[in-house]
Structures are given as C-alpha cells and as structure tokens.
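These are the residues of each chain, in order.
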Amino acid sequence: MSESLRSVSLTRTGPESFEATNARGGTLHLSSGGADSTDFTPVELLLAGVAGCSGIDVDLLTSRLSQPDSFTISAEADKVRDENGSHLGPLTVTVSVTFPDGEGGDAARTRLPDAVAKSRDRLCTVSRTVLLPTPVNYEIVEG
C-alpha cells in the first residue's frame, strides 16, 4: 500500500447512521443529523476537516515561537441547492488566536498572517482539495 494513500471505511449502524474507521483503528459516528442526534453530519465533518487541517498547520507554525493563551478556529458555509446540485457556498475559516505578552508572543503574532496564508495556499490538504478541481470516482462492489 502506498504511503501517500489515505482511507476511511464506513459501516452502517442504523438508518442514515454510520461508523467511520480509519487505518489506525480510530472511529467516529456520523449520521444525517436528525433532531435527536448529536452525531456529526458529513457536511459538518467536511467543515471540521478544513478547520482542523488549517488549525494544525497554523499551530505548528506559530507555537514554535510561543504557546497560545487561546486558539479557536471555525469553518462555516451555506448549503446551496441549485443547477449544480447540492453543495456548499463559499467557505469561511475564522482563526482566533491570543498569544501572551512578550518577545515570543510578539513573534508568534507577527507570524500568524503568514501561517494562515501558507495553510490556505499550500499546506492544508483538505482545503486545497476542496478548492481545486478534484475528481471523485465511485465504484460499486456487490457482495
């Protein structure tokens, strides 16, 4: 198996509900997000993937200079249904980081805009995949 290959598999656990498993054995539950469900929906997982990927990039690039006092990152988009089918409109990623006073904190604050730009423009595989035209192929295997 290629070292560059990433994969997850999903197993149906009930109506409109699945358990996802990664190659390392980690699991999470997802569903259609009915009124009584706290599971993430696939769209929410996509947003979490974009925010999480950039959050990790920005954290790696800035925390070398100073550990943040607080760090939150969010992603949001409107769901659209139009002539292109169902999709999300433009995604907005909001990064909110507070660094401590002092030389390290000042250096991290100075690096923050560049770290966000590097994540957006080059490093974050998830947002880059969403941004670029990426073919999605489906295969059917009947068992």
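The structure under discussion appears in the preceding block.
Reading guide: rules and limits
- Residues numbered from 1 in each chain as written.
- Predicted model: local features only at pLDDT ≥ 70, side-chain atom pairs only at ≥ 80, totals over all residues.
- Heavy atoms only, no water.
- Helix = DSSP H or I, 4+ residues; strand = E, 2+ residues; numbered from the N terminus.
- Expected span 1.5 Å × (residues − 1).
- Buried < 20%, exposed > 50% of the residue type's maximum accessible area, 1.4 Å probe, protein only.
- Contact = heavy atoms within 4.5 Å.
- Axes fitted to C-alpha atoms, helices over the stretch in contact; angles between N-to-C directions.
- Parallel < 35°, antiparallel > 145°, perpendicular 65-115°, else oblique.
- Left-handed = near helix turned anticlockwise from the far one by under 90°.
- Nonpolar A, V, L, I, M, F, W, Y, C, P; charged D, E, K, R; others polar.
- 1 Å grid on protein atoms, 1.4 Å probe; cavity = no way out; pocket = protein on both sides within 12 Å on 5 of 7 lines; lining within 4 Å.
- Points joined across faces, edges and corners; volume = space filled by probe spheres on them.
- Pairing = 2+ DSSP bridges.

Student: Give a description of helix α1 (residues 42-62) that names residues and reports values.
Tutor: Over its 21 residues, α1 extends 30 Å from the first C-alpha to the last, a length consistent with the 30 Å expected when each residue adds 1.5 Å. Residues L47, V50, A51, C53, S54, G55, D57, V58, L61 and T62 constitute the buried set of α1. Residues of α1 that are buried sit in contact with β4 (70-76), β6 (85-88), β7 (92-98), α2 (103-123) and α3 (125-131).

Student: So what's going on with the packing of α1 against α2? Which residues, and what values?
Tutor: At a minimum axis distance of 9 Å, the contact between α1 and α2 shows a crossing angle of 140 degrees. One finds that α1 runs oblique with respect to α2. The crossing of α1 and α2 is right-handed. The residues of α2 that touch α1, namely those facing S54, D57, V58, L61 and T62, are A108, R111, L112, A115, V116, K118, S119 and L123. Of the residues assigned to the contact of α1 with α2, the class counts are seven nonpolar, three polar and three charged.

Student: So what's going on with the layout of surface pockets? Residues and values would help.
Tutor: Of the voids in this model, the largest pocket is the one considered here, and its volume is about 1,100 Å³. As for the largest pocket, its lining consists of 27 residues, of which R6, S7, V8, L45 and V126 are closest to the centre. Every element with two or more residues in the lining of the largest pocket is listed here: β1 (8-14), β2 (17-22), β3 (27-31), α1 and α3. Counted by class, the lining of the largest pocket contains 14 nonpolar, ten polar and three charged residues. Taken as a whole, the second largest pocket encloses approximately 310 Å³ of empty space. Lining the second largest pocket are 14 residues, and of these V50, S54, V93, R120 and S127 sit closest to its centre. Those elements that provide at least two residues to the lining of the second largest pocket are α1, β7, α2 and α3. Here the lining of the second largest pocket is composed, by residue class, of nine nonpolar, four polar and one charged.

Student: How would you explain the environment of R122 if you had to name every residue and give the values?
Tutor: By the secondary structure assignment, R122 is in helix α2. Using a relative accessible area of 55% as the deciding quantity, one classes R122 as exposed. Taking the C-alpha atoms as reference points, R122 and L5, separated by 117 residues in sequence, lie 19 Å from one another. In contact with R122, other than residues within four places in its own chain, are A117 and R128.

Student: Help me get a handle on the sheet that holds β2, residues and values and all.
Tutor: What holds strands together in a sheet is hydrogen bonding between their backbones, with the strands either parallel or antiparallel. Taken in spatial order, the three strands of this open sheet run β1-β2-β3, and their pairing is antiparallel. Among the strands making up the open sheet, the edge pair consists of β1 and β3. Averaged over neighbouring strand pairs, the angle between their axes works out to 30 degrees when direction is ignored. When β1 meets β2, the two strands line up antiparallel, connected through six bridges. Bridging from a neighbouring strand, T11 pairs with E19 of β2.

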